[in-house]
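# Reading the structure
Listed below are the residues making up each chain.
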Amino acid sequence: MLIIYLVILVLLTGSPIRATEYDDGYSAGTSSAQSILSEIGDREKLNNRLQAPMTSDIGSMSTFQSTYIDPNDPGPQSFKVQLTPASSGLFLEIHVQPGPTGDITILTVRQDTNFDNTLDSAYTAPVIASGICADGIISCNAGSWSNCRFYRWQVNSNTSVYLAEVPDITHLAGCFCVNTHCKSSLVSDGMGFILKNLGDGVVGAIQKNSSNVLVTRVATHADSIQYYGQRSSDLGINQGNSQLYFSGSATPQQYYDPESGILPVTQEVQAQQADLASPYHQIHKAYNARLHPRESRSCNISHALSIVSAGTLSLSTQDTCSPLNLSGCVLDKEEICDYDNKNCLVTISDGTPTGLSPVFAPVSITDQDAGLSYLATTTGTSVSYQINGTTYPLASGSDLWWNIRRNYLCDTGVTFNTAEGLTIAGAVSGSTQKTDNLMSYNEFDPETGTTTSKSAELPYIPTYSSCETACKVRLNSTNTQAGAKANTWDYHNSVAGIQVMYKSCGADQVCPLGPGETIIQNCTCLNEFANAASHMQVLDNASHDMICAP
C-alpha cells in the first residue's frame, strides 16, 4: 500500500496531462477495447480464440486485429501455443528399502516404456547401494567403504533402465555416501533427498536416450518417488482411458466434496518446510532479507599438490576466507568440489547443513623424472598419498577438501524506518477528496510535523450509467417440443407462440433488431424484477395444483 500511495503522490505533483493527450488516449483505448471485444466478447469466441489453442491441439491462437493504420502491419498472425499435454500419466516409480547398515538393500525401478499409462517394465538392482551419484550408484561391503564397485544408469534397446558397471568413480559424478561407514543419517533423515537423486539419475538416462520425454510432476513418499509426464511428441493425443491431472490425482473433484472435501494444504506446507528449494523457504528467506538486509561475501579455499623430491609430495593452500572480517556473518552456502574444481556437492544450503559428505576419485600425479606415480586422497580432515601400495600422511586439520566455495551473509547495520512513510501515506489516503476533476489532499512533513493542504487537477473522466441499457423485443415462433409421451400439439390447440428477448443496446444506444422481431420496450435502464417475480410465483402456484397420476 505504501508504494501505491507514493505513486499517487508522484502523479499528483507531476506535470499535468493536456486535455488533447487524454482525449486521444481515451479514444484509442475505447477503439481497441471494442475491437478486442468483437473477437472475444462471448463464451464461444473466448474458448475458440484462447482456451482451446492452449489446452489442446485444436486450432491456433492469433494476434488481434490492429486498430491503427500502419503500412507495415502484416495483419493477424497465427501461431501454436499448446501449453500442456492432453494427459499426463505415471511413467516412472522408484522404490527403495534401506538395511540396518544404512545401505539401500532393495532398489526397484518400475517404468512405463511406451507411455500408455501402464508400468510395463520392472528392474531390481543386482547390488546394494552404499553411495548415490548423480548418474548412478556405488556398491560396497555392507556398512563399509571396502570392495566398492561402481554402476551407472543406462537404457537398453527397449527403453528400459538398468545399472551398468563402470571401471571406477571417475566415470560417475556428484557422488555421496549413505551408509553408516560415513556416519550418515541420510537414510533415516534425508530419504527424500536420496530418492530425488536416484530419480534424477534415472530420468536423466531416460531423457538422454529419448529427449522428448517431458516430466510434469514429481511425487515423493516415505520410501518411493513417482514421476509423471509424457512424450512431448504426443501432445494433444489422449493416451489411455483416463486422465491424470497435474495434481497427481485422477479424481481431483474429491477435494471439492461439500461433506468431506479438504485440500491437502497442511501436507503441502509440511512437505515444503523440509525442502530448502521450495517456495515456502524462498518466501521466508525473502521476508527475512527485507526485515534484516545483509550483504553477501564470498571466498574460496583451495589446495594444490606438487612434487618436492622423488617420493615426496607437498600441499599448498590458497585461502581467501581467513582474511575476511566475518563478524556478524553466517555461512549461507558451502560447496565442496574435486581437485579440478568440478563435480561440486552442496554441504550447506540456506545456512542449513545438507548432511552430505562428498566422495572423490583419487588424484593421480606422475613424476616423469623419477618414474613414480602418486595417488592422493582427502577426507576433508586429512590428506594422504600412496606410492607402490604404501600410504604416507601429508596433512591433517580442518578444511582440507581440494576446493571449498563459501558464501556468507553479513549484517549491514542498516534499518529501515517505515513509520514515516506510513504516516505520510496515511495523511494522503485519509484526506483525499475528488470534486469534478479536482483532487485535494493533505501532505504531511515528518521533519516539521506540519500538514499542508494540496490539490491537483485531473483530466476529465467521462461519467457512466449505473446500468447497461437494453431493449425488450418479441418474435413470433412455433412451439413443437416433444416429450416421451406426446408433443405440444397434443396439449394445445395451436403451436404458435411468442418469444420475448432482452438485447443490449451497446454504446450507440440502438436496439439490434433481428428478422421478424418487434420492439416491446426500447433502449432504457430496464427493471424487470417485478415481472420475473410474478412468473416465479405463477410457477410456484402451479406446482401446488399438480396431481401425479400413474
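Summary of the structure given here. Note that the structure is predicted; figures quoted are calculated from it, not measured.

## Concerning the overall build of the protein
Of the regular secondary structure elements, the protein holds 9 helices and 28 strands. If you take every contact in the protein between residues at least 6 apart in sequence, the share linking residues at least 24 apart comes to 52%. Accessible surface computed for the protein: about 34,100 Å², of which carbon and sulfur atoms make up 53%.

## A few points about the pairing of strand 16 (residues 345-349)
In terms of strand pairing, strand 15 (residues 329-337) meets strand 16 through 3 bridges, oriented antiparallel. If you follow E334 over to strand 16, its bridge partner there is I348. Relative to strand 17 (residues 352-353), strand 16 is paired through 2 bridges, and the arrangement is antiparallel. Opposite I348, over in strand 17, you have P353 as the bridge partner. The turn linking strand 16 back onto strand 17 is made up of 2 residues, and D350 within it adopts a positive phi angle of 55°.

## Examining the sheet that holds strand 6 (residues 131-132)
Ordered in space as 9-8-7-6-10, the 5 strands form an open sheet in which the pairing is antiparallel. The open sheet has two edge strands with one neighbour each: strand 9 (161-166) and strand 10 (176-177). Contacting strand 6, strand 7 (136-139), strand 8 (149-155), strand 9 and strand 10, helix 5 (residues 191-209) crosses the sheet at an angle of about 50° to strand 8.

## Looking at the environment of S224
Within the secondary structure, S224 sits in strand 12 (residues 224-231). Look at S224 and you get buried, because its relative accessible area is 10%. Spatially, the C-alpha atoms of S224 and G192 are 8.5 Å apart, while their sequence positions differ by 32 residues. Other than its neighbours up to four places away in sequence, S224 contacts I94, H95, L195 and A219.

## Focus: a nonpolar patch on the surface
Nonpolar side chains collect at one region of the surface, where L263, V265, V269 and Y280 lie side by side and expose about 330 Å² of accessible area between them. Relative to the helices and strands, V265 resides in helix 6 (residues 265-273). Given the relative accessible area of 52%, V265 is considered exposed.

## With respect to the packing of aromatic side chains
On inspection of all chains with the given rule, the structure shows 6 aromatic pairs. An angle of 50° between the planes, with centres 5.5 Å apart, marks the rings of F176 and F193 as tilted. Linking F176 in strand 10 with F193 in helix 5, this pair joins segments that are 17 residues apart in sequence. A centroid spacing of 5.9 Å and a plane angle of 65° characterise the contact between Y374 and Y385, whose relative ring orientation is edge-to-face. Taken together, the residues span a long stretch of sequence, with Y374 in strand 19 (residues 372-378) and Y385 in strand 20 (residues 382-387) at a distance of 11 residues. The same class applies to Y374 as to Y385, namely buried. Ring-pair connections join several aromatic residues into one group, and the members of that group are Y374, Y385 and Y392.

## Some words on the environment of D445
By the element assignment, D445 lies in strand 24 (residues 438-445). The exposure class of D445 is partly exposed, given its relative accessible area of 31%. Expressed as a C-alpha distance, the spacing of D445 and E420, which sit 25 residues apart in the sequence, is 9.2 Å. Of the polar contacts made by the side chain of D445, one reaches the backbone nitrogen of E447; its length is 3.0 Å.

## What about the nonpolar core?
Counting residues in hydrophobic clusters, the biggest one holds 36 residues, and the most contacted among them are L92, I132, W153, I194 and L198. Elements with a minimum of two residues in this core: strand 3 (89-98), strand 4 (104-111), strand 8, strand 9, helix 4 (186-189), helix 5 and strand 12. Here this core takes 8 residues from helix 5, the largest share from any one element. Residues in contact with W153, not counting those within four places in the same chain, are L107, V109, Y123, D135, G136, Y162, L163, L198, G201, V202 and A205. Within the second largest apolar cluster, 22 residues are counted, among which are V363, I365, W401 and C410.

## So, the state of the cysteines
Scanning the entire structure with this criterion turns up 8 disulfides. Residue C299 pairs covalently with C321 via a disulfide, S to S 2.0 Å. Negative torsions about the S-S bond denote left-handed disulfides, and the value of about 95° found for C299 with C321 makes this one right-handed. One end of the pair, C299, is in strand 13 (residues 294-309); the other, C321, is in the loop between strand 14 (312-319) and strand 15, with 22 residues separating them in the sequence. Residues C299 and C321 agree in their burial class; the two are buried. Here C505 engages in a disulfide with C523; their sulfurs sit 2.0 Å apart. As the torsion about the S-S bond is roughly -100°, the C505-C523 disulfide counts as left-handed. Here C523 lies in strand 28 (residues 517-524) and C505 lies in the loop between strand 27 (496-504) and strand 28, a separation of 18 residues in the sequence.

## Observations regarding unusual backbone geometry
Backbone geometry at T159 places phi at a positive 60°, although glycine is not the residue there. Among the secondary structure elements, T159 is positioned in the loop between strand 8 and strand 9.

## Brief notes about the side chain of N403
Mapped onto the fold, N403 is located in strand 22 (residues 403-411). Excluding its chain neighbours within four sequence positions, the residues that come into contact with N403 are I301, S302, E335, I336, C337, D338, Y339 and N341.

## Focus on the sheet that holds strand 3
Taking strand neighbours across the sheet as the criterion, the 5 strands line up as 5-4-3-12-11 in an open arrangement whose pairing is antiparallel. Both edges of this open sheet fall to strand 5 (121-124) and strand 11 (213-220), since each of them pairs with a single strand only. Across the sheet, the mean angle separating the axes of adjacent strands is 15° when strand polarity is ignored. The pairing of strand 11 with strand 12 spans 7 bridges and is classified as antiparallel. In the strand pairing of strand 12, R217 is matched with Y228. Packed onto the sheet, helix 5 meets strand 3, strand 4, strand 11 and strand 12 and runs at close to 135° relative to strand 3.

Cut-off values and rules
- Residues numbered from 1 in each chain as written.
- Predicted model: local features only at pLDDT ≥ 70, side-chain atom pairs only at ≥ 80, totals over all residues.
- Heavy atoms only, no water.
- Helix = DSSP H or I, 4+ residues; strand = E, 2+ residues; numbered from the N terminus.
- Contact = heavy atoms within 4.5 Å.
- Areas by Shrake-Rupley, 256 points an atom, 1.4 Å probe, with all protein chains shown as cover.
- Pairing = 2+ DSSP bridges.
- Axes fitted to C-alpha atoms, helices over the stretch in contact; angles between N-to-C directions.
- Buried < 20%, exposed > 50% of the residue type's maximum accessible area, 1.4 Å probe, protein only.
- Patch = residues over 30% accessible without salt bridge, like charges linked within 9 Å, V, L, I, M, F, W, Y side chains within 5 Å.
- Salt bridge = Lys/Arg side-chain N within 4 Å of Asp/Glu carboxyl O.
- Phe/Tyr/Trp six-rings, centres within 6.5 Å; stacked < 30°, edge-to-face > 60°.
- Polar contact = N/O pair within 3.5 Å; in protein donor to acceptor, adjacent residues only side chain to side chain.
- Core = buried A, V, L, I, M, F, W, Y, C linked by side-chain atoms within 4.5 Å.
- Disulfide = S-S within 2.5 Å.

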